[in-house]
Amino acid sequence: MSRSWAARVRRLIAQTGPIPVARFMGESNAHYYATRDPLGMAGDFVTAPEISQMFGELIGLWLADLWERAGRPGGAVYAELGPGRGTLAKDALRAMAGAGLHPETHLVEGSPALRRVQAAAVPGARFHDDPSSLPAQRSLLLVANEFLDALPIRQLVRTPDGWRERMVGLRDGALAFVAGPAVLDTLLPALPADAPVDTIVEVNPGAAAVVADIGHRIAQAGGAALFVDYGHLAPRSGSTLQAVKAHCKAGALDAPGEADLSAHVDFAALAEIARNVGCRVSLTTQGDWLTTMGIDLRTAALSRIQPARAEAIAAARDRLVHPGAMGELFKVLAIVAPGWPDAAGFG
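Source: prediction; values computed, not measured.

Draft legend 1. Structural view of the overall build of the protein chain. From N to C terminus, the protein chain includes 12 helices and 16 strands. Taking 347 residues into account, the globule formula puts the C-alpha radius of gyration at 20 Å, and the protein chain, at 21 Å, falls close to it. In terms of overall dimensions, the protein chain has a C-alpha envelope of 60 × 45 × 35 Å along the principal axes. For the protein chain, the residues scored as buried account for 52% of the 347 residues in total. Taking the contacts inside the protein chain whose residues are at least 6 apart along the sequence as the reference set, 76% of them involve residues at least 24 apart. Within the structure as shown, the protein chain displays about 14,900 Å² of accessible surface, and the carbon and sulfur contribution to it stands at 55%. Positive and negative charge centroids in the protein chain, built from 32 and 35 side chains respectively, lie 4 Å apart.

Draft legend 2. The environment of G100, seen in detail. Looking at the element boundaries, G100 is found in the loop between α5 (87-98) and β3 (104-108). Of the residues examined, G100 reaches a relative accessible area of 32% and is grouped as partly exposed.

Draft legend 3. Geometry of helix α11 (residues 310-321). Relative to the 16 Å expected for 12 residues at 1.5 Å per residue, α11 spans 16 Å between its end C-alpha atoms, a close match to the ideal helical length. I313, A316, R317, L320 and V321 are the residues of α11 that are buried. Down the axis of α11, the buried set is contained in an arc of 120 degrees. They therefore lie on one face.

Draft legend 4. Spotlight on the sheet that holds strand β12 (residues 248-250). The strand order across the open sheet formed by three strands is β12-β11-β13, and the pairing between neighbours is antiparallel. One side of each edge strand has no neighbouring strand; the edge strands of this open sheet are β12 and β13 (260-262). Across the sheet, the mean angle from the axis of one strand to that of its neighbour is 35 degrees, orientation sign disregarded. Here strand β11 (residues 242-245) runs beside β13; their pairing, made up of three bridges, is antiparallel. Residue pairing for β13: V244 is matched across the bridge by D260.

Draft legend 5. Structural view of the pairing of strand β6 (residues 154-159). Among the six residues in β6, five count as buried, and that is most of the element. Pairing of β6 with strand β9 (residues 200-203), which is carried by four bridges, proceeds in the antiparallel orientation. If you follow V157 over to β9, its bridge partner there is I200. Of the pairings in the sheet, the one linking β6 to strand β7 (residues 162-171) comprises four bridges and is antiparallel in character. The residue bridging V157 from the neighbouring strand is R164, located in β7.

Draft legend 6. A look at the packing of aromatic side chains. Counted under the stated rule, the structure contains three aromatic pairs. When the ring of Y230 is compared with that of F330, the centres are 5.6 Å apart and the planes differ by 70 degrees; the resulting orientation is edge-to-face. Placement of Y230 in strand β10 (residues 223-232) and of F330 in strand β16 (residues 330-336) is noted, with a sequence separation of 100 residues between them. Judged by its relative accessible area of 5%, Y230 is buried.

Draft legend 7. Inspection of the side chain of R317 at higher detail. Its location among the elements puts R317 in helix α11. For R317, the side chain forms a polar contact with the side chain of D296, separated by 2.8 Å. A distance of 2.9 Å separates the side chain of R317 from the side chain of D318, its partner in a polar contact. The contact partners of R317, leaving out residues within four places of it in the chain, are M54, I295, D296 and T299.

About the thresholds
- Residues numbered from 1 in each chain as written.
- Predicted model: local features only at pLDDT ≥ 70, side-chain atom pairs only at ≥ 80, totals over all residues.
- Heavy atoms only, no water.
- Helix = DSSP H or I, 4+ residues; strand = E, 2+ residues; numbered from the N terminus.
- Rg over C-alpha atoms; globule rule 2.2 N^0.38 Å.
- Buried < 20%, exposed > 50% of the residue type's maximum accessible area, 1.4 Å probe, protein only.
- Contact = heavy atoms within 4.5 Å.
- Areas by Shrake-Rupley, 256 points an atom, 1.4 Å probe, with all protein chains shown as cover.
- Lys, Arg positive; Asp, Glu negative; His and termini not counted.
- Charge placed at Lys NZ, Arg CZ, Asp CG, Glu CD.
- Expected span 1.5 Å × (residues − 1).
- Arc of directions from axis to C-beta.
- Pairing = 2+ DSSP bridges.
- Axes fitted to C-alpha atoms, helices over the stretch in contact; angles between N-to-C directions.
- Phe/Tyr/Trp six-rings, centres within 6.5 Å; stacked < 30°, edge-to-face > 60°.
- Polar contact = N/O pair within 3.5 Å; in protein donor to acceptor, adjacent residues only side chain to side chain.

Right under this line is the structure:
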């Protein structure tokens, strides 16, 4: 099925011409996630919640702490964007319950295959196709782990004739990146006119829209959001589009619909968007955030409870925190409502 879908992409391009990278990425990922559970060793990649329960527990405690210091507002909603197998939600909700917080649970997931897994992990959760249908006028406690990186990006490339949309076309029958026909310099004046030829700039309108929407909801009704993803803290150029299949990197155009496509998140741009809608923002690396939140204490506690697993627990901690693993590459963006207390974990 996936192979015939990839063939349809090539036929479409052969018949109608190159398509933007954003369309290629969006349609490839839509097919990919709708047809499989990509997580775990039997899938294509492993996310932080699957590495250790400590990740979800500390997120749950972070939310409960904010809620407690905000005066325990009633009717709080826990929402998660792209909840994977429901592992993070399950661990976070357990930690929240231990702190006296029992929020209504809402999961934003478009994949039928993953919804079935999530429903088993988090009984009673309500499902949404996108964040726009989340409950309004109630304190929102939202988490998005490795969600923004999978949203379609636009890529713009500097050619000798000016800036063009980077597109996916055909070269000798194979998929290849090509420059689009339209010159964008006058349409996007912020693009540097003196950039070297072949410079690539990425923008993620989907991520910007999600953060603006969530930030507006939080600013109006109260609450907080935590976005965790791999990306950068300052704007940069260059293509970050990548594919992962069977836990290995693959060519971005090698297996459309059969590999996970993602791109680095521009956290600086998203932080500015959240500020502009009235929220307070904190930003750091995953390693620093988890360390400040007490992952070392939790590692020691779990090791005492399960001494036979102490080595595995410590290895999971290192994978989440160490700069050479996920600690530096992954960033944490907190968005907090005005009038709510300062977010923990950011120094």
